[in-house]
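Chain and residue survey
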Amino acid sequence: MGLSERAFEDEAAGLPARRFAFSLLTRVLDQRVTLDEANEALASVAARMPPRDAAFARAIAYGALRHKGALEKLLGRYIKQALPAHGLAAGRVLLCGAAELMVLAGKSHAAVDGANRLAVATREAKPFKPLINAVLRRVAAEGEAAWHMMDRPRADTPDWLWRRWSAAYGEDAAHAIAEAHANPAPLDLTLRDPAGGEHWQSALGAAEILPGTLRLAAPGAVETLPGFAEGAWWVQDAAASVPARLLLDLLGGGAGKTIVDLCAAPGGKTMQLAAAGARVIAVDSSAGRLKRLAANLARTGLAAETVAADGRIWRPDAPVDAVLLDAPCSATGTIRRHPELPWIRDEGAVTRNAAAAAALLDAAFAMLKPGGVLVFAVCSLEPEEGERQMEAFLGRTPGVRLAAPDPARFGLPEAARRGGFLRLLPSFAADRGGMDGFFVAGLVKNAAMDAPFSGG
Ligand SMILES: C[S@@+](CC[C@H](N)C(=O)[O-])C[C@H]1O[C@@H](n2cnc3c(N)ncnc32)[C@H](O)[C@@H]1O
């Protein structure tokens with residue numbers, strides 16, 4: 001993780017940071033909220049500490065969640081009896097301490113001492129301080145070898161996800177996916193003007209991973225990077241840029257076209273379409289997320305109409321050239337960025353979102369002109385949200401044809417083509433830092449179709 005331990009041997013600096021890490025972890029696991037949501041809820045706590053301490057705390061919390069399975073397995077070697085129900089807080093202190101030792105490779109003394117102080121300062125964990133001290137000392141002294149011997153990618157993947165990915169892709173691919181989750185994602189930027197690639201590559205010290213998408217290995221704070229203030233780019237994983245690339249490809253460019261971006265916020269794909277010269281109507285049911293989209297448009301100087309509405313019900317005034325539907329999903333393709341997801345989601349999230357996405361798909365298709373293009377995408381690894389969803393749609397919808405994309409056109413590995421769809425896995429392009437998991441399908445409405453349209 002590359003964080004120096006410097007100030008954290010100093011107890012005064014270390015305790016607030018470790019308490020913050022513990023609070024983040026506890027909020028995520030108890031309330032089943034995302035790390036982003038926990039960070040937002042605890043923003044005032046972070047604001048009261050030096051940025052380096054807050055960064056250290058976040059590194060512990062993210063590391064503890066990314067490697068929760070393996071860390072708990074390691075701790076289990078040194079805990080003779082399972083912790084009682086009232087030992088939940090103690091378990092989390094142990095998890096933070098073990099993450100500091102194994103994931104951040106922190107100094108043993110500072111990590112064990114820090115965990116002891118955290119235990120004393122945490123009412124429910126205090127009675128367990130002797131146990132915490134004894135276990136972490138052993139982890140520090142003997143844990144390294146066991147840590148390196150362990151199949152950590154498997155241990156870090158809950159059984160429900162392992163079963164699903166093994167069934168969908170085979171055990172080897174499931175393992176490669178789990179391995180890809182072991183490291184945080186690099187930072188990818190989509191350029192507003194892809195022709196400026198060379199300039200921004202050297203200004204940012206970045207590599208071009210796809211045409212118009214730059215990848216930074218050591219990003220730093222996004223707001224301080226060259227080009228942020230003038231809106232020359234926006235943050236968007238390379239895989240997340242593929243749905244809009246496919247749509248523009250099928251449409252023969254954006255100029256003069258009207259495109260509905262259904263489920264648009266915070267607007268990465270809206271900006272791609274607007275930058276290609278299209279008139280974009282960005283629809284999202286969340287007014288709060290649309291504010292972020294508006295701020296992104298303002299920063300990049302791009303234009304789009306925004307509509308706060310339920311995409312299952314809303315209709316444009318007239319049929320449109322294209323719809324991009326980036327449907328809500330379980331987001332299991334984004335675990336590299338959101339390592340908490342395996343521990344706060346379950347199979348219910350897959351089925352719940354799949355039902356909503358089916359209704360959105362039907363609505364999206366009804367918005368199209370004859371000959372119009374529909375691109376459907378989800379940042380999910382789950383076939384029910386991708387392949388099965390699309391097969392069901394094709395089965396129930398007359399007058400639609402699948403436009404099988406050629407992955408080479410988008411700089412993607414050949415392995416990305418499965419059936420007539422693009423299936424991107426986090427394990428693809430592993431030597432270049434991987435990519436988010438995505439499912440993308442392109443569809444064309446039969447030109448002879450004259451389906452009745454009810455505008456709104
Ligand atoms: C995967 S995110 C979209 C990301 C976005 N396309 C981008 O590239 O930045 C899914 C979005 O769907 C929105 N959403 C969920 N249900 C919706 C519905 N019924 N109608 C419209 N938007 C919806 C959520 O508010 C969320 O912003």
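From a predicted model like this one, the values you see are computed outputs, not experimental measurements. (Residues numbered from 1 in each chain as written. Predicted model: local features only at pLDDT ≥ 70, side-chain atom pairs only at ≥ 80, totals over all residues.)

Let us now look at the overall build of the protein chain. A count of helices and strands for the protein chain gives 18 helices and 13 strands. Computed over its C-alpha atoms, the radius of gyration of the protein chain comes to 24 Å, within 12% of the 23 Å expected for a compact globule of 456 residues. In terms of principal-axis extent, the alpha carbons of the protein chain reach across some 75 × 45 × 40 Å. Split into buried and exposed, the 456 residues of the protein chain put 48% on the buried side. Counted over contacts in the protein chain with a minimum sequence separation of 6, partners at least 24 positions apart contribute 72%. (Helix = DSSP H or I, 4+ residues; strand = E, 2+ residues; numbered from the N terminus. Rg over C-alpha atoms; globule rule 2.2 N^0.38 Å. Buried ≥ 20, exposed ≤ 12 C-beta atoms within 10 Å, placed from the backbone. Contact = placed C-beta atoms within 7 Å.)

Grouped together as the largest cluster of nonpolar side chains are 92 residues, with contacts concentrated most on Leu 262, Val 323, Leu 324, Leu 325, Ala 364, Leu 374 and Leu 424. Of all the elements, helix H17 (residues 347-366) adds the most residues to this core, at eight residues. Contacts of Leu 424, omitting those with residues within four sequence positions, involve Ala 239, Val 242, Leu 412, Ala 416, Met 435, Gly 437 and Phe 438. Counting 49 residues, the second-largest nonpolar core is a separate cluster that includes Leu 35, Ala 57, Leu 65 and Leu 75. (Core = buried A, V, L, I, M, F, W, Y, C linked by C-beta atoms within 7 Å.)

For the rest of this paragraph, the subject is helix H6 (residues 88-102). Between its terminal C-alpha atoms H6 stretches 21 Å, which fits the 21 Å expected from 15 residues at 1.5 Å a residue. Counting buried residues in H6 gives 13 out of 15 residues, a clear majority hidden from the surface. (Expected span 1.5 Å × (residues − 1).)

Let's shift gears to the pairing of strand E12 (residues 421-424). When strand E11 (residues 417-418) meets E12, the two strands line up antiparallel, connected through two bridges. Following the sheet pairing, Arg 417 is matched in E12 by Leu 422. The turn linking E11 back onto E12 is made up of two residues, and Gly 419 within it adopts a positive phi angle of 65 degrees. Across three bridges, E12 lies against strand E13 (residues 438-445) in antiparallel orientation. (Pairing = 2+ DSSP bridges.)

This paragraph deals with the site of the ligand. Near the ligand there are 19 residues, and of these Cys 263, Gly 268, Ser 286, Gly 311 and Asp 326 occur at the shortest range. When contributions to the shell around the ligand are tallied by element, the ones reaching two or more residues are helix H14 (268-275), strand E6 (279-284) and H17. When grouped by side-chain class, the residues that make up the shell around the ligand number eight nonpolar, five polar and six charged. (Near = placed C-beta within 6 Å. Nonpolar A, V, L, I, M, F, W, Y, C, P; charged D, E, K, R; others polar.)

Before going further, it helps to examine the packing of helix H7 (residues 108-121) against helix H8 (residues 129-149). Direction vectors running N to C along H7 and H8 enclose 165 degrees, while the axes themselves pass 9 Å from each other. One element, H7, and the other, H8, form an angle in the roughly antiparallel class. Pair H7 / H8 crosses with right-handed handedness. Seen from H7, the contacting residues are Ser 108, Ala 111, Val 112, Ala 115, Asn 116, Ala 119 and Val 120; seen from H8, they are Lys 129, Ile 132, Asn 133, Leu 136, Arg 137 and Ala 140. For the contact of H7 with H8, the class distribution of residues is eight nonpolar, three polar and two charged. (Axes fitted to C-alpha atoms, helices over the stretch in contact; angles between N-to-C directions. Parallel < 35°, antiparallel > 145°, perpendicular 65-115°, else oblique. Left-handed = near helix turned anticlockwise from the far one by under 90°.)

The next thing to look at is the sheet that holds strand E4 (residues 233-235). Within a sheet, neighbouring strands are paired by backbone hydrogen bonds and run either parallel or antiparallel to one another. Reading across the sheet, the four strands line up as E2-E3-E1-E4 and stay open at both edges, with antiparallel pairing between neighbours. What marks the edges here is a single partner per strand, and that holds for strand E2 (207-210) and E4. Each strand of the sheet is rotated relative to its neighbour by a mean of 40 degrees, with strand direction disregarded. Across three bridges, the pairing between E2 and strand E3 (residues 213-216) is antiparallel.

A few words on the pairing of E3. Two strands pair when backbone bridges link them, and strand E1 (residues 187-191) and E3 are joined in this way by four bridges, in the antiparallel orientation. When the sheet's bridge partners are listed, Leu 189 is paired in E3 with Leu 214.

So, on to unusual backbone geometry. Residue Pro 266 is bonded to the preceding Ala 265 through a cis peptide linkage, with omega at 5 degrees. As for its position among the elements, Pro 266 is in the loop between strand E5 (258-262) and H14. The phi torsion at Cys 263 lies on the positive side, around 70 degrees, for a residue other than glycine.

Turning our attention to the confidence of the model for the protein chain. Scored by pLDDT, the protein chain has a mean of 93; 95% of the residues are at 70 or more. A low-confidence stretch, residues 1-12 (pLDDT under 50), is modelled with 22 contacts involving residues beyond four sequence positions or located in other chains. (pLDDT = per-residue confidence, 0-100.)

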